[in-house]
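Summary of the model geometry
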Amino acid sequence: MKKARGAFALLGAAGAATSAFSTLKAARGKNDKLALANAVASILVAITGAALAVRSMRKGGE
């Protein structure tokens, strides 16, 4: 059950990363510095979420 929860968290992180990269592309196209900073921060959050999900799946949710 806990591994399934980790898998769903990993899918959520992947979705967040996809959205963040889309925002990054749009911000670079518009040369919007604030949106660019937000996109970079969102990518970092997605990476951290993915790392936490992988750790949870490896440890079995201990």
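The following paragraphs examine the structure supplied in this document. (Residues numbered from 1 in each chain as written. Predicted model: local features only at pLDDT ≥ 70, side-chain atom pairs only at ≥ 80, totals over all residues. Heavy atoms only, no water.)

1. Some words on the overall build of the protein
What counts here: Helix numbers and strand numbers start at the N terminus; a helix is a DSSP run of H or I with at least 4 residues, a strand a run of E with at least 2. Here the radius of gyration uses the C-alpha set of atoms, whereas the globule reference equals 2.2 Å times the residue count to the power 0.38. A simple rule labels every residue: compare its accessible area, found with a 1.4 Å probe on the protein chains alone, to the largest value its type can have, and call it buried under 20%, exposed over 50%, or partly exposed in between. By the convention used here, residues are in contact when the closest approach between their heavy atoms is within 4.5 Å. Only the protein chains shown count as covering a residue, and every accessible area follows the Shrake-Rupley method with a 1.4 Å probe.
Helices and strands together make up the secondary structure of the protein, namely two helices and zero strands. What you see for the protein is a C-alpha radius of gyration of 14 Å, clearly larger than the 11 Å of a compact globule of 62 residues, by over 25%. Considered along the principal axes of its C-alpha atoms, the protein spans approximately 45 × 15 × 10 Å. Within the protein, buried positions represent 16% of all 62 residues. Within the protein, counting contacts between residues at least 6 apart in sequence, those at least 24 apart form 59% of the total. Carbon and sulfur atoms make up 65% of the accessible area of the protein, which totals about 4,600 Å².

2. Here we look at unusual backbone geometry
Located in the positive-phi region is Asn-31, a residue other than glycine, with phi close to 55°. The residue Asn-31 is located in the loop between helix H1 (2-30) and helix H2 (33-59) in this model. Taking relative accessible area as the criterion, Asn-31 reaches 57% and is therefore assigned exposed.

3. Section: a nonpolar patch on the surface
Just so we agree on the cut-off: Only residues whose relative accessible area exceeds 30% and that form no salt bridge enter a patch; like-charged residues are grouped when within 9 Å of one another, and nonpolar side chains (Val, Leu, Ile, Met, Phe, Trp, Tyr) when within 5 Å. For this analysis, a salt bridge means a side-chain nitrogen from Lys or Arg found within 4 Å of a carboxyl oxygen belonging to Asp or Glu.
On the surface, a nonpolar cluster with roughly 270 Å² of combined accessible area is contributed by Val-40, Leu-44 and Ile-47. Relative to the helices and strands, Leu-44 is located in helix H2.

4. A few points about the packing of H1 against H2
Just so we agree on the cut-off: Lines fitted to the C-alpha atoms define the axes, with helices restricted to the stretch that makes contact. Angles between their N-to-C directions range from 0 to 180 degrees. In what follows, roughly perpendicular refers to angles from 65 to 115 degrees, roughly parallel to angles under 35, roughly antiparallel to angles over 145, and oblique to any angle outside these ranges. Helix crossings get a hand from a simple test, with the near helix turned counterclockwise from the far one by less than a right angle marking a left-handed crossing and a clockwise turn marking a right-handed one. Ten residue types, Ala, Val, Leu, Ile, Met, Phe, Trp, Tyr, Cys and Pro, are classed as nonpolar, four, Asp, Glu, Lys and Arg, as charged, and the remainder, Gly among them, as polar.
Direction vectors running N to C along H1 and H2 enclose 165°, while the axes themselves pass 8 Å from each other. Here H2 runs roughly antiparallel to H1, going by the angle between their axes. In this structure, H1 crosses over H2, and the sense of that crossing is left-handed. Its residues assigned to classes, the contact of H1 with H2 shows 20 nonpolar, five polar and three charged.

Remember that the coordinates give geometry; whether it matters functionally is a separate question.
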